[in-house]
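The residues making up each chain are set out below.
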Amino acid sequence: MDQALRPLKTRACPLCARDERAPLPAYSREPWRVVECRSCRFVYLANPPGHAALEEDFAWEETSVSEKQRRLKAAPVMYGLDYATRRLRTAFRPDEAKKYIRWFGNGGNLLDIGCAEGARIGPPFTPYGIELSTALAREADKRMRAQGGYCIHASGADGISQFPATHFDGILMRSYLEHEEEPLKVLRGALRVIKSTGKVYVKVPNYGSVNRRVVGRNWCGFRHPDHVNYFTLSTLRRMAARAGFNTRLLNGLNLAVDDNIHVLLSRA
C-alpha cells in the first residue's frame, strides 16, 4: 500500500475522546476498522487515512463512482431498491432554495462545508464554501466568487477557523460531517461564525436506520475509508450539545426507515 494511502494510528472517540473501543468486524473492511466506543456508544472509523489522503487519493468525486459499482456487485437487488427509494423521495422533495429561506432568512451569507463544486447556494444568498478536494475547491471558488463569495480549500476544521465571528446567517453540513475526523471541532467553529439567530443544517447517514440493521455491511451508509463517523440521532444530539447547540429533528416521521438524519441546529 502506498504510504499516502496508509491508515493513521488509531484515534480516540470523536464524541467523548476516550480510548475504549469495541471492534465491529462485521462492518469493517481491511485495513479499515469500524469500532464502537464502549463509553458513549459512538460508532466511528478507528484508523482514518487522514485529510491529506482524502484530499486526493480518496476524493469524493473519485470514490463515489467506485463505491456505487462495489455496492451494485455485492448486492444488486438491495442496491436497486435503495436507489429507487431515494429517487422517489427526491421527486417529492421541496425546492432547496425555499427551504434555505425558511431556515436562514431571505438573504445573507451562507456557508456550505463540503461544498463540492459549489452549486448548492444561489440567490438571495451570498455563497461561501469549504472543500477538501483540490479539483472541486477550485471549481467552487470560481463559481462562488462570481456571486460575491469564495471557497476555502481546506478541511472543515481548518477552514472554518479562517472566517470571522458571527459572519454567517446559516451553514450547510450536507453529507459532510460523516467525512470529518474532527466533527466536534467543526461544530464548535460553526457556533463561533454564525450570528445569534443563525442555524446549521446537518444531514448525515442514519446508523440507527432499519435498513442498516437488515442489510448489514452492504448498507449504503458504509463507505471505507471516507466515512469516518456513523451517527444515530442520540449521538448527533449529544455532539451538538457539547458544541453549544440545540437540535431540531426535521425528518422525525420517517426517521426509522430513512437512511439519513436531517436536523437543524441553533444556539443553546
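Here, the structure is the one placed above.
In this text, all values refer to a predicted model and were calculated from it rather than measured experimentally. (Residues numbered from 1 in each chain as written. Predicted model: local features only at pLDDT ≥ 70, side-chain atom pairs only at ≥ 80, totals over all residues. Heavy atoms only, no water.)

## Some details on the overall build of the chain
The following threshold applies: Secondary structure elements are defined from DSSP: runs of H or I of at least 4 residues count as helices, runs of E of at least 2 residues count as strands, and each element is numbered from the N terminus. Here's how the labels work: a residue is buried when its accessible area is under 20% of the maximum for its type, exposed when over 50%, partly exposed in between, all with a 1.4 Å probe on protein chains only. Whether two residues are in contact is decided by their heavy atoms: any pair within 4.5 Å suffices. Note on areas: Shrake-Rupley with a 1.4 Å probe; residue coverage comes only from the protein chains shown.
When helices and strands are tallied, the chain shows nine helices and eleven strands. Taking all 268 residues of the chain together, the buried fraction comes to 52%. When contacts within the chain are restricted to residue pairs at least 6 apart in sequence, those whose partners lie at least 24 apart make up 62%. By element, 53% of the accessible surface of the chain is carried by carbon and sulfur atoms, the whole surface being about 12600 Å².

## Description of a nonpolar patch on the surface
How we decide: Residues enter patches when their relative accessible area tops 30% and they take part in no salt bridge; the joining distance is 9 Å for like charges and 5 Å for the nonpolar side chains Val, Leu, Ile, Met, Phe, Trp and Tyr. Each reported salt bridge corresponds to a side-chain nitrogen of Lys or Arg within 4 Å of a carboxyl oxygen of Asp or Glu.
A surface patch of nonpolar side chains, amounting to about 280 Å² of accessible area, comprises Val 210, Val 214 and Val 257. If you trace the backbone, Val 210 turns up in helix H8 (residues 210–215). Look at Val 210 and you get partly exposed, because its relative accessible area is 39%.

## Focus: the layout of surface pockets
Applicable threshold: The method works on a 1 Å grid over the protein atoms by themselves. A cavity is a set of points holding a 1.4 Å probe that cannot get out, a pocket is an open set with protein on both sides within 12 Å along at least five of seven lines, and residues with an atom within 4 Å of a point line them. Grid points are joined across faces, edges and corners, and a volume is the space filled by probe spheres set on the points. Asp, Glu, Lys and Arg are counted as charged, while Ala, Val, Leu, Ile, Met, Phe, Trp, Tyr, Cys and Pro are counted as nonpolar; the rest, among them Gly, fall into the polar class.
In this structure, the second largest pocket encloses a volume near 150 Å³. Around the second largest pocket, the lining residues are Arg 11, Ala 12, Cys 13, Pro 14, Leu 15, Cys 16, Ala 17, Glu 181, Glu 182, Pro 183, Leu 184 and Lys 185. By residue class, the composition of the lining of the second largest pocket is eight nonpolar, no polar and four charged.

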